[in-house]
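Remarks on the overall topology
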Amino acid sequence: MIFLTQDPIDFNAAYQHIQAGEAGAINFFFGVVRNNTQEKSVELLDYEAYGPMAVREMQKIADEACRRWPVLKYIIIHRTGTLYIGDMAVLIGVSTPHRGDSFEATRYIIDTIKQTVPIWKKERFNDGDVWVNATP
Amino acid sequence: MTQPHTILLFGITRDLVGQNRVAVQLPANSRVADLMTTLHEQYPALAGIQSILVAVNSEYADTDQLLNPSDEIALIPPVSGG
C-alpha cells in the first residue's frame with residue numbers, strides 16, 4: 001500500500017496492514033521533522049508533492065524492492081502540508097520471513113525515495129525559508 | 001505555427017515564477033530541450049536552479065523526447081522528500 005496524506009500517519013493501522021503469517025520480521029522506518037539543519041534552528045517544514053507522479057515513482061521503488069528481497073507486504077506513507085518538529089513525515093514498513101531482508105528492503109526504499117520521488121520540502125527558519133536541495 | 005503547452009510548476013520553480021502553471025507556445029515537434037530553452041528565455045530566474053528535470057505524463061523525460069499539446073508536462077526541481 002502506497003499513499004500520500006495530509007493527515008497524521010497512523011502507525012497502528014500501518015502495522016496491521018503489513019502483518020503476515022509467514023513474516024518473521026517486520027521493519028519500520030520513520031522519517032521525522034528535526035529541529036535543526038546545519039546548525040540553524042528549524043521551525044517547521046512545508047512538504048509539497050506532485051501527487052500522481054509521486055505515487056507512481058514510489059510504486060516503482062516498491063516493485064523493485066519486491067524483486068530484490070522476499071517482501072511479503074509493504075506500506076509507504078508520505079505526508080504533505082505543514083509539519084512541525086517531531087512530526088512523522090514518512091513511514092515505511094516491510095515484512096519478510098527473516099530480519100536481514102526487511103532491514104535492507106526498508107533502507108533501499110527510503111534511500112531511493114529521497115533520490116527520485118517528486119516531493120519537496122521547504123524549511124522555515126526564524127529569518128526566512130529555503131527549499132531543501134534546490135540551490136547549490 | 002506554434003502550439004500551446006501547459007507546464008506545471010512545483011517547489012522552488014513555482015516560487016521563482018510566481019505561478020503554479022505557465023502556458024508556453026512551442027513550434028510543432030518541439031522536444032524537452034526546446035521547452036527548457038524557451039522557459040529559460042521567458043523566466044530567467046529558472047536559470048538559478050542547477051538541475052531541473054522534466055516529467056511528461058508523470059514519467060521522467062529525456063531531453064530529446066517529443067512534446068504533444070495533450071501531454072501533462074511538469075518541471076521537477078531537485079527533490080527533497082523523506
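For the structure itself, consult the block above.
What you see is a predicted model, and the numbers here were worked out from it, not measured in a lab.

1. A few points about the sheet that holds strand β4 (residues 59-60) of chain B
Residue and element names in this part refer to chain B. Across the sheet, which stays open at both edges, the 5 strands sit in the order β2-β1-β5-β3-β4 with mixed pairing between neighbours. Single-partner strands in this sheet number two, and they are β2 (21-27) and β4. By the bridge criterion, 2 bridges tie strand β1 (residues 2-8) to strand β5 (residues 73-76) in an arrangement that is parallel. The partner of Leu 8 across the bridge, within β5, is Ala 74. The strands touched by helix α2 (residues 32-42) are β2 and β3 (53-56); relative to β2, the strand with the most contacts, the crossing angle is about 120°.

2. Observations regarding the packing of helix α2 (residues 51-68) of chain A against helix α3 (residues 99-116) of chain A
All names here are of chain A. Running from N to C, α2 and α3 cross one another at 150°; their axes reach a closest spacing of 10 Å. With respect to each other, α2 and α3 are oriented roughly antiparallel. In this structure, α2 meets α3 at a crossing whose hand is right-handed. Contacts from Glu 57, Met 58, Ile 61, Ala 62 and Ala 65 of α2 reach α3 at Ala 105, Tyr 108, Ile 109, Thr 112, Ile 113 and Thr 116.

3. Quick look at the nonpolar core
Side chains of nonpolar character tend, in soluble globular proteins, to be buried together. Ranked by size, the top nonpolar core spans 47 residues in total, and within it Ala 54, Ala 65, Tyr 74, Ile 76 and Ile 109 of chain A together with Ala 74 of chain B carry the most contacts. Apart from residues no more than four positions distant in its own chain, Ile 109 of chain A is found in contact with Ile 61, Ala 62, Ala 65, Ile 76 and Ile 92 of chain A.

4. Digging into α2 of chain A
With 18 residues, α2 of chain A ought to run about 26 Å at 1.5 Å a step, and its terminal C-alpha atoms sit 26 Å apart, in line with that. All of the buried residues in α2 of chain A are Met 53, Ala 54, Glu 57, Met 58, Ile 61, Ala 62 and Ala 65 of chain A.

5. Concerning the sheet that holds strand β7 (residues 88-96) of chain A
All names here are of chain A. Ordered by their spatial adjacency, 4 strands build an open sheet running β1-β5-β7-β2, and the pairing between neighbours is mixed. Because the sheet does not close on itself, it has two edges, and the strands there are β1 (2-5) and β2 (25-32). Geometrically, the sheet is characterised by an average inter-axis angle of 10° between neighbouring strands, direction not taken into account. Here α2 sits on the sheet in contact with β1 and β5 (73-79), set at roughly 145° to β1. Lying on the sheet, α3 is in contact with β2, β5 and β7; it crosses β7 at an angle near 145°.

6. With respect to the environment of Tyr 43 of chain B
All names here are of chain B. Following the sequence through the fold, Tyr 43 ends up in the loop between α2 and β3. Sequence-wise, Tyr 43 and Met 1 are 42 residues apart; in three dimensions their C-alpha atoms are separated by 22 Å. Each residue touching Tyr 43, except ones within four places of it in the same chain, is listed here: Leu 16 and Val 17.

Thresholds, definitions, all that
- Throughout, residues of each chain are indexed from 1 in the direction in which the sequence is written.
- Chains carry letters from A onward and ligands carry numbers from 1 onward, assigned in written order.
- Predicted model: local features are reported for residues with pLDDT of at least 70 only, side-chain atom pairs are reported and counted for 80 or more only, and whole-chain, interface and lining totals are derived from all residues.
- Pairing between strands is defined by DSSP: at least two bridges between the two strands are required.
- Per the convention used, a helix needs a DSSP run of H or I reaching at least four residues, while a strand needs a run of E reaching at least two, with both numbered from the N terminus.
- This entry defines residue contacts through backbone-placed C-beta atoms, with two residues in contact when those atoms are within 7 Å.
- Axis definition: a line fit to C-alpha positions, over the contact stretch in the case of helices; interaxial angles, taken between N-to-C directions, run 0 to 180 degrees.
- Roughly parallel refers to an angle under 35 degrees, roughly antiparallel to one over 145, roughly perpendicular to one between 65 and 115, and oblique to any angle outside these ranges.
- Left-handed describes a crossing whose near helix is turned anticlockwise from the far helix by less than a right angle; the clockwise case is right-handed.
- To count as a nonpolar core, a set of buried Ala, Val, Leu, Ile, Met, Phe, Trp, Tyr and Cys residues must be joined through C-beta atoms within 7 Å.
- Think of it as a crowd count around each C-beta: if 20 or more other C-beta atoms lie within 10 Å the residue is buried, if 12 or fewer it is exposed, and in between it is partly exposed, with C-beta placed from the backbone throughout.
- Multiply 1.5 Å by the residue count of a helix minus one, and that product is the helix's expected span.

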